[in-house]
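Observations on the model geometry
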Amino acid sequence: MAKTLRHITSTFVPLPVENIDTDQIIPARFLKAIDKEGFGKNLFRDWRYENNNEDKPKKDFVLNNPDYSGEILVAGKNFGCGSSREHAAWALSDYGFRVVVSSFFADIFKSNALNNLVLPVQVSEDFLQQIFDASGMDNKAELEVDLENQTIQIAATGDVESFEINAYKKECLLHGDDDIDFLLKQREEIENFEKNREITFS
C-alpha cells in the first residue's frame, strides 16, 4: 500500500515552463517497461542530459541543481498535455514527487496522476506566480499542502489558496489506496450485498 497523503510541508522544485507535455516528462523510448519502478531516472530525460548521456547533466536544468529539492514539483500552465501515457505519472512518482502544482492540467494526465496517488493541485495563475516568486527569493522556500482542507499555502508569506479534487480520489489519497485497494476494502460489504440480493430474488 502506498503512503497516505494528508498534509505535506516540503521545499519544492520550480519549473516555470508552460505546455510541458508527456513526451518531455518521459520520452517515448522509455515506455517499453510495464513495471512502474525505475521510471524516475528518466524523468525529463532529454532536458536533464546532453545527448542522452547520463555522464553529462545539463547544469542549467533545475533537477540537476542541488539547491532545489522536495516532494513537490511546481510547473507552468498546461502541464501534462500531449499523449495519454500513464508512464508520466509513474515517472513523477518514482522520482519522489507526491504533489504537482500548476495553473492548469491536461485532463488525462490529471486522471493518471490521481490513479497513481500523485496529487495535482490546480491554482490560479496569480498564485502560481507567487510561488515562483517565493522560490526566486529563497530556494528553500516551502509549500504546505493540506489535502483534508484542500488548501495550499506558501509558508514564508502565509498566502493560501483552495483547490478542487474529486471526492472519491481524495479519499483514496487520504488512505493511500488505489482503485483496487479501495475495492478490496469494500469486499465484505459487496459480498453481503450480493447475498442479500440472492435472497431477494430467490
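Right, let's walk through the structure included here. Here the structure is a predicted model, which means the values were calculated and not measured.

1. A short note on the packing of aromatic side chains
Taken as a whole, this structure holds 8 aromatic pairs when the rule is applied. Three or more aromatic residues joined by ring pairs form one cluster here, namely Phe 44, Trp 47 and Phe 61.

2. Some thoughts on helix 3 (residues 87-95)
Turning to helix 3, its buried residues are His 87, Ala 88, Ala 89, Trp 90, Ala 91 and Leu 92. Buried residues in helix 3 make contact with helix 1 (22-25), strand 2 (72-75), strand 3 (99-102) and helix 4 (107-115). Two residues or fewer past helix 3, Gly 96 is found with a positive phi of approximately 125°.

3. Examining the pairing of strand 5 (residues 142-146)
Judged from the 5 bridges that link them, strand 1 (residues 7-15) and strand 5 form a sheet pairing that is antiparallel. By the bridge assignment, Thr 9 is partnered in strand 5 with Glu 144. Pairing of strand 5 with strand 6 (residues 151-154), which is carried by 4 bridges, proceeds in the antiparallel orientation. Following the sheet pairing, Val 145 is matched in strand 6 by Ile 152. The turn joining strand 5 and strand 6, which pair antiparallel and follow one another in sequence, is formed by 4 residues; a positive phi near 55° is taken by Gln 150.

4. Section: the pairing of strand 6
Side chains Ile 152 and Ile 154 of strand 6 all project onto a buried face; the interleaved residues Thr 151 and Gln 153 project onto a face where none is buried. The turn joining strand 6 and strand 7 (residues 160-162), which pair antiparallel and follow one another in sequence, is formed by 5 residues; a positive phi near 80° is taken by Gly 158.

5. Describing the pattern of salt bridges
What the rule picks out here adds up to 5 salt bridges. Between Asp 23 and Arg 85 there is a salt bridge, and its shortest N-O distance comes to 3.0 Å. Here Arg 85 lies in the loop between strand 2 and helix 3 and Asp 23 lies in helix 1, a separation of 62 residues in the sequence. Glu 125 is the partner of Lys 77 in a salt bridge, and the nearest nitrogen-oxygen pair spans 3.3 Å. One end of the pair, Lys 77, is in the loop between strand 2 and helix 3; the other, Glu 125, is in helix 5 (residues 125-137), and 48 residues separate them in sequence.

6. Some details on the side chain of Arg 48
Structurally, the position occupied by Arg 48 is in helix 2 (residues 45-48). Lacking a salt bridge, the buried Arg 48 has Glu 54 as its closest oppositely charged neighbour, with an N-O distance of 7.5 Å. Polar side-chain contacts of Arg 48 include one of 2.9 Å to the backbone oxygen of Leu 43.

7. Some details on the sheet that holds strand 1
Overall, mixed pairing links the 7 strands, which are arranged 4-3-2-1-5-6-7 in an open sheet. Each of the sheet's edge strands pairs with one partner strand only, and the pair in question is strand 4 (119-122) and strand 7. Averaged over all pairs of adjacent strands, the angle between their axes in this sheet comes to 25°, without regard to strand direction. Against the sheet, helix 5 makes contact with strand 1, strand 2, strand 3, strand 5, strand 6 and strand 7, and its axis sits at roughly 35° relative to strand 6, the strand it touches most.

Conventions used here
Residues numbered from 1 in each chain as written. Predicted model: local features only at pLDDT ≥ 70, side-chain atom pairs only at ≥ 80, totals over all residues. Heavy atoms only, no water. Phe/Tyr/Trp six-rings, centres within 6.5 Å; stacked < 30°, edge-to-face > 60°. Buried < 20%, exposed > 50% of the residue type's maximum accessible area, 1.4 Å probe, protein only. Helix = DSSP H or I, 4+ residues; strand = E, 2+ residues; numbered from the N terminus. Contact = heavy atoms within 4.5 Å. Pairing = 2+ DSSP bridges. Salt bridge = Lys/Arg side-chain N within 4 Å of Asp/Glu carboxyl O. Lys, Arg positive; Asp, Glu negative; His and termini not counted. Polar contact = N/O pair within 3.5 Å; in protein donor to acceptor, adjacent residues only side chain to side chain. Axes fitted to C-alpha atoms, helices over the stretch in contact; angles between N-to-C directions.

Functional significance is not addressed by these values, which are geometric in nature.
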